Amino acid sequence: QVSDDKRLEREAQQRRRIEQQREEERARTHHWRALTGRSIEEVAWQNISTMLWCHGGSGGAILVQIGDSEAIVVKPLRMNAVAEALASEVAALLQMRVAKLRVLSMRQDEFNDMATAMRQASCMKMEDKVQVQQVTSKEFVAVVEYISGHVLQGLEGQAVLQCGNTDLLADLGALIALDCLLNNVDRVPAIWSNEGNLSNIMVDASGSICGIDQQVNPILDPAGLERYSASLHSFVEDVHRGCATSIAARRIREALQINCGFELNDDGLLQIFRGVKRVFQSVAADRAGLCEQ
């Protein structure tokens, strides 16, 4: 039987370990937020300083520090490689702010340079070397722009939303419109039935938002396509009429409440609708030109 003194000592040791882990996590967060993004083209892979594996719903990613002050992201691509690359191209056509992305194939010389450098470089956590080995063994990876900042979730997300930045809300609406065009279900669920995932929205140092981890999800089933089109048509009407009590409006409010603990009022919702309308009107005005591109 364990004495009270030994039990208390074990509990104290456990608390110290937990606090040490938290402090190490805070230090890592501070380190990466001090870095800036850089071009995803012509990466000096031989200048990798350190790396950190980050878990995520789309398969996770590796933060890669280049030199003293810059970073990029390397993430594994599976069957969704084309879907993510296409989403990035559509966003660029619409001049939407999402993290830039390019695909690297194992058949390219640069892939070998990247894989060799990453396998030789150190990681902030030793256990991440396993993930580095796995990612650099994939047939395709994405080199993604690093966005310094935090996700639009939790207390930090709540604080950003409480500032009442109408341009930020409009930009959030623009991202929702982009997701509707892509059928990208994993962000703000205006026309989908889920809780939303605002970790796919980054807030940078200037307070602007940027989309990450978007992809095109084609609908091959005719009945499913008809339901999607009906939902999208209904949402367009809601935005046009400024209907703050629609199903889509409720879903947007709930996503912000669940992800950030933020209560979106009617004025804020209309600012989001303003951003949605901006993108939809742009697409409608230049539909032929966009299709040609």
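In what follows, the structure referred to is the one given above.
Residues numbered from 1 in each chain as written. Predicted model: local features only at pLDDT ≥ 70, side-chain atom pairs only at ≥ 80, totals over all residues. Heavy atoms only, no water.

K.L.:
Before we go on, may I ask you to explain the packing of helix α3 (residues 109–120) against helix α4 (residues 128–135) in this structure?
P.N.:
Angle between the axes and distance between the axes are the two parameters that describe a pair of packed helices. Between α3 and α4, the least distance of the axes is 10 Å, while the angle of their chain directions is 170°. Looking at the two axes, α3 sits roughly antiparallel to α4. Contacts from Met 118, Arg 119 and Gln 120 in α3 reach Lys 129, Val 132 and Gln 133 in α4. The residue inventory of the contact of α3 with α4, partitioned by class, reads two nonpolar, two polar and two charged. (Axes fitted to C-alpha atoms, helices over the stretch in contact; angles between N-to-C directions. Helix = DSSP H or I, 4+ residues; strand = E, 2+ residues; numbered from the N terminus. Parallel < 35°, antiparallel > 145°, perpendicular 65-115°, else oblique. Contact = heavy atoms within 4.5 Å. Nonpolar A, V, L, I, M, F, W, Y, C, P; charged D, E, K, R; others polar.)

K.L.:
What is the right way to look at the pairing of strand β4 (residues 70–77) in this model?
P.N.:
Along any regular strand, the residues point their side chains to alternate faces of the sheet. The buried fraction of β4 amounts to seven of the eight residues, a majority that puts the element mostly inside the structure. Direction of pairing for strand β1 (residues 36–37) relative to β4: parallel, over a ladder of two bridges. When the sheet's bridge partners are listed, Thr 36 is paired in β4 with Glu 70. The pairing of strand β3 (residues 61–66) with β4 spans five bridges and is classified as antiparallel. Paired with Leu 63 across the strands is Val 73, a residue of β4. Here β3 folds back onto β4, and the loop between the two strands holds three residues, one of which, Gly 67, carries a positive phi near 70°. (Buried < 20%, exposed > 50% of the residue type's maximum accessible area, 1.4 Å probe, protein only. Pairing = 2+ DSSP bridges.)

K.L.:
What should I look at first to understand the layout of surface pockets in this one?
P.N.:
A water-sized probe rolled over the atoms picks out the places where empty space is left. As a volume, the largest pocket reaches approximately 1200 Å³. Surrounding the largest pocket, 44 residues form its lining, Cys 54, Leu 63, Val 151, Met 202 and Ile 212 being those nearest its centre. When contributions to the lining of the largest pocket are tallied by element, the ones reaching two or more residues are α1 (4–33), β2 (48–54), β3, β4, α2 (81–93), β6 (140–145) and β7 (149–151). Per-element accounting of the lining of the largest pocket gives the leading share, five residues, to α1. Grouping the constituent residues of the lining of the largest pocket by class yields 16 nonpolar, 18 polar and ten charged. (1 Å grid on protein atoms, 1.4 Å probe; cavity = no way out; pocket = protein on both sides within 12 Å on 5 of 7 lines; lining within 4 Å. Points joined across faces, edges and corners; volume = space filled by probe spheres on them.)

K.L.:
Help me understand α4, please; the structure alone is not making it clear to me.
P.N.:
Given 3.6 residues to a turn, an α-helix orients residues that are three or four positions apart in the same direction. For α4, the set of buried residues is Asp 128, Val 132 and Val 135. For α4, the angular spread of buried residues about the axis comes to 70°, placing them on one side. Next to the buried residues of α4 lie β2, β3, β4, α3 and β6. (Arc of directions from axis to C-beta.)

K.L.:
Is there a simple way to think about the sheet that holds β7 in this case?
P.N.:
The strands making up a sheet associate through backbone hydrogen bonding, with each pair oriented either parallel or antiparallel. With respect to topology, three strands assemble into an open sheet ordered β7-β8-β9, the strand pairing being antiparallel. With partners counted over all chains shown, the strands left at the sheet margins are β7 and β9 (209–211), one partner each. Across the sheet, the axes of successive neighbouring strands diverge by a mean angle of 30°, strand direction being ignored. Where strand β8 (residues 201–204) meets β9, three bridges bridge the pair, whose relative direction is antiparallel. Following the sheet pairing, Val 203 is matched in β9 by Ile 209.

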